[in-house]
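# Architecture and fold: a report
If you want the building blocks of each chain, they are given just below.
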Amino acid sequence: MNLSAILLLAAGLFCVGVYGLLTRRNAIGILLSVELMANAVNINLVAFSANSGSPLGQVFALFTMAVTVAEVVVGLAILILLFRSRGGVLVDAAQELKR
Amino acid sequence: MSPISLALVALLVPFGMALLLVLAAPLRRAGWPAAWLSVLAAAISLGASLSLLAHQVRNTGSLSLLEQPWLPHAGRSLVTVGVQVDGISASMAVIVTLVAFCVQVFSLGYMAAEPKADLGRYFTYHSLFIFSMLALVFAPNMLQFFAGWELVGLTSYLLIGFYYRKPSAARAAVKAFWITKFADMGLLLGVILLFAATGGFSWEARVDPAAITLLTLLIFVGVMGKSAQFPLHVWLPDAMEGPTPVSALLHAATMVAAGVYLLVRASPLFAQAELTLEVMTWIGAITAFGAACIALVQTDIKKVLAYSTCSQLGYMVAALGAGSVLGGFFHLMTHAFFKALLFLGAGAVIHAVHSNELSAMGGLWRKLPLTAITFIIAALALAGFPGLAGFFSKDLILEAIFEEQRWGPYALLMAAAFLTAFYMSRVVFLAFFGAPSEAASRAQPSPWSMRLPLIVLAIPSLGAGLLAWSFAELQGLPYQLHLGPTGLVASVLGLSGIVLAYLVYARRSIPLSAFASLAPIGASIRSAPIDRLYQALYAQGALRVAALIAYIDRYLIDGLMNLSAWLTIVGGRRLRQVQTGNVRDYVLVLVGALILLSAWSVIQ
Amino acid sequence: MIAALGFGIIASVLMLAAIRVVSSPDLVRSVLWLALVLVMTAVLFLTLSAPFLAGIQLLLYTGGVITLMLFGVMLTSRQAGVEIRNEIGAISPAVLFSTILFGIMGGAIYRSSDALPRPAFASAPAPDTEALGRAFLTEHMLSFELLSVLLLAAMIGAIVLARRRDFGAPEPAPPSERTARADEETRS
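Residues numbered from 1 in each chain as written. Chains lettered and ligands numbered in written order. Predicted model: local features only at pLDDT ≥ 70, side-chain atom pairs only at ≥ 80, totals over all residues. Heavy atoms only, no water.

Let us now look at the overall build of chain C. The number of helices and strands found in chain C is seven helices and zero strands. Secondary structure of chain C in N-to-C order comes out as α-α-α-α-α-α-α. If you take every contact in chain C between residues at least 6 apart in sequence, the share linking residues at least 24 apart comes to 56%. (Helix = DSSP H or I, 4+ residues; strand = E, 2+ residues; numbered from the N terminus. Contact = heavy atoms within 4.5 Å.)

In C-alpha cells, the structure reads:
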C-alpha cells in the first residue's frame, strides 16, 4: 500500500468535506461535512503512524476523535437551542451579525 | 556707574514705566500722573544717556559690550541680546532721549485738552517708544536690531493712529504700518541672508562677494521704507494725522532716522557692496530733490515739514552711499534737532490758530515771538545758513559726493539745497509775517511747557556745528573742515532761495503767476500718482494673490479633506457589505484563507 | 497485488459514500451515507494495523455520532410527514475552492512522494495496541487526563445548553410559519 495513495485519498476526502461545508445550508449538513474532514485527518495520521512505526500518530488520532465527538455533541446541543428559538436550522437564517 | 549699567538704565527705565502704565490701568486712566511719570522716566533715560556720552568722550574709542546668550543651538548660543556701547550708540542715545524728553514736555502743554484716559495712553506709548528705539540703538547684532526695529514700527502705528476714532487717522496708521512692514520683509530677508552667509548676525561680518550685494540691497529696502525714501515715501505725509509732537518725535528725529542709523551701524557690510552704494546715492539724491519739489506746493504746514524730512533723509542716504559715514550721521544729528524744533514750533502755531493750513496763519511773530525766533533759527539751520548746524553737516555731504565724482546726485542735491531754502522761507514768511488771518489775530501765546523745549532744542541747532570735531572723534572718523567751492556754491544757492521766497511771498513783487509754467510739474510730482499705483498694485496684486490662496484653500485643501471624507464613507459602505451576516459567506472566506495558507506553506 | 486491489475497493467506496453525503438531498440519507464512510474508515484503519483505533472508530463514530446525528435530525424537523429539505446553496465557489485545495494538497503529496519511504508496511514494525497503551499512560498522560476533562466539560455543556428553560420562555410558534419567515429573510 502506497503511502502517497492513502494521503491522496485523505486529501480527497477532506476536499469533499470542504465542498459540503460550503454548500450545505442545513446546520446538520455542515456538521456532517465537518465529520468528513475530521475523518480525513484521522486517516492521514494513522497512515503516517503505520509508516513510521511510531505510535504517536495513533495517539493523536485518538485525541482528535475524542475532541471531534465532543464538538459534535455541543454543536448539536446548540442546534437544538437554535431550533427551539426560531424553528428552523437553516444557517442562512442566522443574520444577527449583519447589523 | 559703568557704561553698561548706564545703558541698561536708559533702556529699561522707560520700559518699566511703559509696563507699569500698561498693567496699572487706573493709573493710566488718571491721565496726569501717567504723564508726569513718563516724563520722569524720559528724564532719567536722558540723564543716563548724557552720562554715557560723557564717559565715551573721556575714553574715546572704548567699546563696552554686554551679551546675554539667548537661543541655544548646537551647543552654543544662536542669538545674543545685550547692549553695545560705543561712540555711535552713545551719540544716538543722546539724540533720541533728548528729543523724546523735549517732545514729552511739549506734549504736557499741547495735549492738555485731551481726555484723561487718552492722555495716559499717549504717554504709555511714548515710554514704549523710547525703549524700542534704544533697544535698536544699543543692539549688538542685527537680530536684536531687527526686534527693536519692529517694535518701533508698532509704536509708530500706535502713535499715528492715536486719534483712532478719526477714519483718516486710522487709515494713515495702517498705511504706514503696511508700507514699512513690506519694507521690513526686505530687511528680514537681508538678515536671514546674513545668517546664511556668515552663521551670525554681527555688524562687522565679512561676507562673500556673491551674496553681499543682494544682502545689502535687501537691507536697504528696509531702510527705504522706514526712512521714507522714494518710492516708499508715501506713508510719511499721511502720517501727519498723528498729534504734532508725535510727528516731531517719530517722523523728524528718531524713527525715520532709524533707517539711517542702520546704514551707519552696518557700514562695514555696505562698504563691501559697490553696487548697493551706487544705488543708495542715486535714490537718496532723487528723493532729496523730488521731496523738496513736492514740499514747495503744500499748503499744510505739517506736510511741508514731512516732505522736508523725506528730502533731508535723502541727503543722509546719499551721503552714506558716497561712503561718508560721518556726513550721514552728523546730518542725522543736526537734522534731528532742528527738524524736531520745526515740528514743535509748528505745533505751537497750530495750537494757537487751531489749524494746520498756512492760510490760517500770518503775522504771528507779534503773538508768538519766542516761537517765531526759534522757528526761524531752525529754518535757517535747515537751509544751511552758514554758521548754523545744518551748514556743516550739509557741507560734509556735498563734499563727499563731490569727491566721489557722482555728478548726477551732486547736481540734484545742490538743486535740492536751493529748493529747501526756498520752501522753508516760504513757510516762515507766510506763517510769521504778512497780514494775519482771522484765526491768527486771535492767537494766544503758548504755555511754558510748550516754549521751554523750543529753547532747549534751539541751542544745538545753533551750535552743533562746533561739535563736529568731537563728534567725529567719537566715531573714530577723520574730520576736516573744508571750506571749498562746494560750500560756497551751496551757501549762495541757499541765500538766493531765501531771497526769492522773500520776493515772492513777503514783498509780493514777483507774482505767483510767474511760476505758472511750472505748475504742471508740481501737480505731476505730487504723491497722488504713486499712491494710485500702490493702490492698483495692492488691489490687483495683493488681493489677487489672496484670492488665489483662498481658492486653493477652499477647493484644493478643503477638497482634499472632503475627498478623504468621501472615500472613508464610500469605502466604509462597501466594506460593510462584506459583513453579510451570512455565516456561509464567512465560512467561504475561512476556507479561502486556508487555501492561501496551505499554498504558501507548500511553496515554502 | 491483492493489497492494492483491496485498497482500491475501499478507497472507491469511501469516496463514493463521501460524495453522497454532501450531495444527497435527503438529510437522513446523508447521515446514513456518513455511516458508511465511517465504517469504511474503520476498515482502512485495520489495514493500517491500527485495530484499536478501528474498534474505537466503530464504537464512537459509527455508533455514537451517527446516532446523535439522527436524533438531531429528528429533533430539528418537527413537521410530521413533510420531507426534510436539505437545501444546497451556491455551488460554483465551493467547487472552485475544493478543487484548488485538492490541487494544492495533491501537488504537495506528489512532489514529496520521493521523500516518503516506499511501501514499508510489511517490514516496519507497526505500532500495536500495547505500544499505544504504553504511550498513553506514560508519555502522553497529561493529554489523556485533559481529554477526559474536556469530555466532561462537553457533556455538562451540552446538557446545560439543551435543557428546557423553565422560567417562562415562550413556546416557539408553529414551525411552518417560522420556517417560511426564515426563508423570506434569506431570500431578501
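In this section: the overall build of chain B. For chain B, the helix and strand inventory stands at 26 helices and two strands. The burial tally for chain B puts 55% of its 604 residues in the buried class. Sequence-distant contacts in chain B: of pairs separated by 6 or more residues, those separated by 24 or more amount to 79%. If you sum the accessible surface of chain B, you get close to 24,900 Å²; carbon and sulfur atoms cover 70% of it. (Buried < 20%, exposed > 50% of the residue type's maximum accessible area, 1.4 Å probe, protein only. Areas by Shrake-Rupley, 256 points an atom, 1.4 Å probe, with all protein chains shown as cover.)

To continue, consider the nonpolar core. Residues and elements named next belong to chain B. Core analysis: the largest hydrophobic core is formed by 175 residues, its most contacted members being Met92, Met142, Trp235, Leu262, Leu269 and Leu364. No other element matches helix H15 (residues 325–353), which puts 20 residues into this core. Every residue in contact with leucine 262, bar those within four places of it in the chain, is listed here: Met142, Phe145, Trp149, Leu187, Trp203, Ile219 and Val223. (Core = buried A, V, L, I, M, F, W, Y, C linked by side-chain atoms within 4.5 Å.)

The next thing to look at is the interface of chain C and chain A. Interfaces are frequently sized by the accessible area removed from exposure as the parts join. With 88 residues of chain C at the contact, the number on the chain A side is 73 residues. When chain C packs against chain A, the two sides together hide about 7,400 Å² of surface, and 77% of this comes from carbon and sulfur. Here chain C and chain A share zero salt bridges between them. The interface formed by chain C and chain A contains six residue pairs in polar contact (both at pLDDT 80 or more). The set of elements that each furnish at least two residues to the side of chain C that touches chain A consists of helix H1 (2–23), helix H2 (27–47), helix H3 (51–75), helix H4 (92–111), helix H5 (129–137), helix H6 (141–162) and helix H7 (175–187) of chain C. If you tally residues by element for the side of chain C that touches chain A, the top one is H3(C), at 12 residues. (Buried area = accessible area lost by both parts, 1.4 Å probe. Salt bridge = Lys/Arg side-chain N within 4 Å of Asp/Glu carboxyl O. Polar contact = N/O pair within 3.5 Å; in protein donor to acceptor, adjacent residues only side chain to side chain.)

Quick look at H4(C) now. Since the α-helix turns once every 3.6 residues, residues separated by three or four places project in the same direction. Between its terminal C-alpha atoms H4(C) stretches 28 Å, which fits the 28 Å expected from 20 residues at 1.5 Å a residue. Taken together, the buried positions of H4(C) are C:Ala94, C:Ser98, C:Leu101, C:Ile104, C:Gly106 and C:Ile109. (Expected span 1.5 Å × (residues − 1).)

So, about the pattern of salt bridges. Oppositely charged side chains may form a pair once their charged atoms are brought near each other. Residues and elements named next belong to chain B. Tallied over the entire structure, the rule returns eight salt bridges over all chains. Notably, a salt bridge pairs arginine 265 with aspartate 86, separated by 3.2 Å at the nearest N-O pair. Of this pair, arginine 265 sits in helix H11 (residues 255–265) while aspartate 86 is found in the loop between strand S2 (76–85) and helix H4 (87–110), placing the two residues 179 residues apart along the sequence. Taking the relative accessible area as the measure of exposure, aspartate 86 reaches 11% and is therefore buried.

This part is about a nonpolar patch on the surface. On the surface, B:Val545, B:Leu548, B:Ile549, B:Tyr551, B:Ile552, B:Tyr555, B:Leu556 and B:Ile557 cluster together into a nonpolar patch covering about 780 Å² of accessible area. A relative accessible area of 32% places B:Ile552 in the partly exposed class. (Patch = residues over 30% accessible without salt bridge, like charges linked within 9 Å, V, L, I, M, F, W, Y side chains within 5 Å.)

All right, on to helix H21 (residues 448–463) of chain B then. All names here are of chain B. When the terminal C-alpha atoms of H21 are compared, their 23 Å separation across 16 residues agrees well with the 22 Å that a helix rising 1.5 Å per residue should span. For H21, the complete set of buried residues consists of Met450, Pro453, Leu454, Leu457, Ala458, Pro460 and Ser461. Buried residues along H21 cover an arc of 165° about the axis, so they all sit on one side. In H21, the exposed positions that point more than 90 degrees away from the buried face belong to Trp448 and Ile459. Elements in contact with the buried residues of H21: H4, H15, helix H17 (369–383) and helix H18 (389–403). (Arc of directions from axis to C-beta.)

Here we come to the side chain of B:Ser127. By the secondary structure assignment, B:Ser127 is in helix H5 (residues 116–137). Non-local contacts of B:Ser127, meaning those with residues more than four positions away in its chain, are made with B:Pro14, B:Met17, B:Ala18, B:Ser38 and B:Gln104.

A few words now on the packing of helix H6 (residues 142–160) of chain B against H11(B). Residues and elements named next belong to chain B. With their axes 10 Å apart at the nearest point, H6 and H11 run at an angle of 165° to one another. Taken together, H6 and H11 sit at an angle that is classed as roughly antiparallel. Pair H6 / H11 crosses with left-handed handedness. Contacts between H6 and H11 involve Met142, Phe145, Trp149, Val152 and Ser156 from the former and Met255, Ala258, Gly259, Tyr261 and Leu262 from the latter. Partitioning the contact of H6 with H11 into residue classes produces eight nonpolar, two polar and no charged. (Axes fitted to C-alpha atoms, helices over the stretch in contact; angles between N-to-C directions. Parallel < 35°, antiparallel > 145°, perpendicular 65-115°, else oblique. Left-handed = near helix turned anticlockwise from the far one by under 90°. Nonpolar A, V, L, I, M, F, W, Y, C, P; charged D, E, K, R; others polar.)

A few words now on the packing of aromatic side chains. A ring pair, where both rings are aromatic, is described by two values, the distance of the centres and the angle of the planes. Within the structure shown, the criterion is met by 18 aromatic pairs over all chains. Residues A:Phe63 and C:Phe136 carry aromatic rings whose centres are separated by 5.5 Å and whose planes lie at 90° to one another, so their mutual orientation is edge-to-face. One end of the pair, A:Phe63, is in helix H3 (residues 56–86); the other, C:Phe136, is in helix H5, on a second chain. Like A:Phe63, the residue C:Phe136 is buried in the burial classification. Taking 5.3 Å as the distance between ring centres and 90° as the angle between the ring planes, the aromatic pair formed by B:Tyr122 and B:Phe123 counts as edge-to-face. B:Phe123 gets classed as buried once you look at its relative accessible area, which sits at 0%. An aromatic cluster is defined as three or more aromatic residues linked by ring pairs; in this entry it consists of B:Tyr122, B:Phe123, B:Phe162 and B:Tyr163. The side chain of B:Lys394 reaches across the aromatic face of B:Tyr315, ending 5.3 Å from its centre. (Phe/Tyr/Trp six-rings, centres within 6.5 Å; stacked < 30°, edge-to-face > 60°. Lys NZ or Arg CZ within 6 Å of the ring centre and 35° of its normal.)

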